[in-house]
Amino acid sequence: MILWVLLVAVGLSGGIGGSPAVTVPIDVASENSKKPIVVVDVEEEIEVVMETGELNPSHYPAQRAAKVVQHYLNTQHGSPYKVFGQGKVFKAFAEDVPGSGRKYQLELSVEEIVHKQIKIKTSAEVIFPREQSHPPLQVRVSSNDDFLKINTSVQEEAFYQQHKTNQSLFAQNLPDSYGHIEPEHVPIWHLGIVVSSFVMLNQSTEDTLYNMAQVANVTQMASDEDLLEFEYDVLLHEMVSQEIIAWKVLATWSPPEGVKILKMEKRDYVVNNLKTTLL
Ligand SMILES: *[C@@H]1O[C@H](CO)[C@@H](O)[C@H](O)[C@H]1NC(C)=O
Ligand SMILES: *[C@@H]1O[C@H](CO)[C@@H](O)[C@H](O)[C@H]1NC(C)=O
Ligand SMILES: *[C@@H]1O[C@H](CO)[C@@H](O)[C@H](O)[C@H]1NC(C)=O
Ligand SMILES: *[C@@H]1O[C@H](CO)[C@@H](O)[C@H](O)[C@H]1NC(C)=O
């Protein structure tokens, strides 16, 4: 119960790219509202929330599975001008599937955050492995022509040409501690969110909820090939453990090829001061 309260506090404090609307069950909130928060027994609380059957769409298990769908869509469709954030979960259902793990079926909307008006309704399935013998995390999203209708080819081509001609892009702290990003750096920040989604999808389990917190550094690497290459230092916020985790990711992008990850490396430190890195 105490865990729910902490999560809400964090949920409200932000997180970029659509922090999930985690809601507190009313009875729990009022019961805990006057008590100081002292001990968090994460293990125990997670057991409690692993429900089966129809789930409350606004509660944590459904939101976690929906977050994985968001990261997945970024890996499939993301670009400097196309980034998916979480919209709403309308329906969620969970069940154990022998030999595969735990399956979540969701009806949800996702929001394309660069063109805020675009909300896409779709259904998706996420299977989290629970044992070594299970296949890795599986995500399926119903095919939906709406994903293809977001046509950013003109902007993408312009960005590509600009940074192909001048391969010296460098930026830090996107956004800065005031939440500000220079307009010229917004596309490279968006690409940083997409690149981070590859890491977050890879790292996600049934017990995690990752948001991208900040692009700490991004440096363009010179490339003779028909693509742009960037080295990102990104800070990811894992809401369950409350850690800010730094990753170095080398990625390429071009309009026809999309984003490809050449290398991802977890740094051996976590950032402890949330306030300086989160909005
Ligand atoms: C996107 O728009 C461009 C320019 O308007 C057009 O040439 C291209 O065919 C469109 N692509 C898709 C997939 O609709
Ligand atoms: C290349 O871009 C950098 C910043 O990204 C800028 O400072 C520099 O002046 C540009 N060089 C040329 C030749 O345009
Ligand atoms: C994460 O990436 C590593 C290295 O690329 C890969 O071996 C592993 O299977 C990936 N895990 C998942 C769950 O995708
Ligand atoms: C960003 O770059 C600076 C300077 O190179 C370095 O000190 C810092 O550790 C980098 N940030 C991260 C999160 O890797």
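Residues numbered from 1 in each chain as written. Chains lettered and ligands numbered in written order. Predicted model: local features only at pLDDT ≥ 70, side-chain atom pairs only at ≥ 80, totals over all residues. Heavy atoms only, no water.

Engineer: Looking at this structure, how should I read the overall build of the protein?
Structural biologist: Helix and strand counts for the protein stand at 8 helices and 10 strands. For the protein, the proportion of its 279 residues judged to be buried stands at 51%. Taking the intrachain contacts of the protein between residues at least 6 apart in sequence as the baseline, contacts between residues at least 24 apart amount to 62%. In the structure as shown, the protein presents an accessible area of about 13700 Å², 52% of it carried by carbon and sulfur atoms. (Helix = DSSP H or I, 4+ residues; strand = E, 2+ residues; numbered from the N terminus. Buried < 20%, exposed > 50% of the residue type's maximum accessible area, 1.4 Å probe, protein only. Contact = heavy atoms within 4.5 Å. Areas by Shrake-Rupley, 256 points an atom, 1.4 Å probe, with all protein chains shown as cover.)

Engineer: For this particular structure, what's the right way to read the confidence of the model for the protein?
Structural biologist: Low-confidence regions, as indicated by low pLDDT, have predicted coordinates that should not be scrutinised in detail. For the protein, per-residue confidence averages 82 on the pLDDT scale, and residues scoring 70 or more make up 78% of the total. Confidence scores differ between elements of the protein, with helix H1 (residues 2–13) showing the lowest mean pLDDT of 32 and helix H7 (residues 186–203) the highest of 98. Contacts for the low-pLDDT stretch residues 1–49, under 50 throughout, to residues beyond four places or in other chains number 70 contacts. Note that residues 274–279 has pLDDT below 50 and, in this model, 17 contacts with residues that lie over four places away or in other chains. (pLDDT = per-residue confidence, 0-100.)

Engineer: Looking at this model, I keep getting lost on the pattern of salt bridges. Mind explaining?
Structural biologist: Between side chains of opposite charge, pairing is possible as soon as their charged atoms come close. Per the counting criterion, the structure on display carries 11 salt bridges. A salt bridge links Glu257 to Lys260; the nearest nitrogen and oxygen atoms lie 2.9 Å apart. In this structure, a network of salt bridges that share partners links the residues Asp96, Arg102, Arg130 and Glu206. (Salt bridge = Lys/Arg side-chain N within 4 Å of Asp/Glu carboxyl O.)

Engineer: I keep staring at the sheet that holds strand S3 (residues 101–112) and nothing clicks. Help me out?
Structural biologist: Strand pairs in the sheet, formed through backbone hydrogen bonds, run parallel or antiparallel to each other. Taken together, 5 strands build an open sheet; the order of strands is S1-S2-S3-S4-S5 and the sheet is antiparallel. Two strands close off the open sheet at either side, each with one partner strand: strand S1 (53–55) and strand S5 (138–141). If you compare each strand with its neighbour and ignore which way they point, the axes differ by 20° on average. Of the strand pairs in this sheet, S1 and strand S2 (residues 84–97) are connected by 3 bridges, and their pairing is antiparallel. Bridge assignment links Leu55 to a residue of S2, and that residue is Ala92. Most of the contacts of helix H4 (residues 60–77) go to S2, to which it runs at about 120°, and overall it touches S1, S2, S3, strand S4 (119–128) and S5. (Pairing = 2+ DSSP bridges. Axes fitted to C-alpha atoms, helices over the stretch in contact; angles between N-to-C directions.)

Engineer: Help me understand the environment of Ile181, please; the structure alone is not making it clear to me.
Structural biologist: Along the polypeptide, Ile181 turns up in the loop between strand S6 (170–174) and H7. Taking relative accessible area as the criterion, Ile181 reaches 15% and is therefore assigned buried. Apart from residues no more than four positions distant in its own chain, Ile181 is found in contact with Leu174, Pro175, Val186 and Trp189.

Engineer: What exactly am I supposed to notice about the pairing of S2 here?
Structural biologist: Each regular strand displays side chains that alternate between the two surfaces of the sheet. Here S2 runs beside S3; their pairing, made up of 11 bridges, is antiparallel. Note on S3: the bridge partner recorded for Lys91 is Glu107. If you look at the hairpin formed by S2 and S3, you'll find 3 residues sitting between the two strands, and Gly99 has a positive phi there, around 85°.

Engineer: Got a minute to help me understand helix H6 (residues 153–165) in this structure?
Structural biologist: Every α-helical turn comprises 3.6 residues, leaving residues that sit three or four positions apart pointing alike. The first and last C-alpha atoms of H6 sit 18 Å apart over 13 residues, in line with the 18 Å expected at 1.5 Å per residue. Buried residues in H6 make contact with H7, strand S7 (210–221), strand S8 (228–238) and strand S9 (243–254). (Expected span 1.5 Å × (residues − 1).)

Engineer: Just checking my understanding: could you explain the side chain of Glu156 for this structure?
Structural biologist: As for its placement among the helices and strands, Glu156 is situated in helix H6. The buried charged residue Glu156 lacks any salt bridge, with Lys82 as its nearest oppositely charged partner at 5.3 Å. In this structure Glu156 touches Ser79, Tyr81, Trp253 and Pro255, once residues within four positions along its chain are discounted. (Lys, Arg positive; Asp, Glu negative; His and termini not counted.)

Engineer: Teacher, can you tell me more about the nonpolar core here?
Structural biologist: Proteins that are soluble and globular tend to have nonpolar side chains buried together. Of all hydrophobic cores here, the largest spans 33 residues; its most connected members are Ile188, Val218 and Tyr232. Taken together, the elements giving at least two residues each to this core come down to H6, S6, H7, S7, S8 and S9. Looking at this core, the element that brings in the most residues is H7, giving 9 residues. Apart from the residues within four sequence positions on either side, Ile188 is in contact with Phe159, Leu169, Leu174, Val218, Phe230 and Tyr232. If you look at the next biggest cluster of nonpolar residues, it comprises 25 residues, including Val68, Val69, Leu106 and Val141. (Core = buried A, V, L, I, M, F, W, Y, C linked by side-chain atoms within 4.5 Å.)

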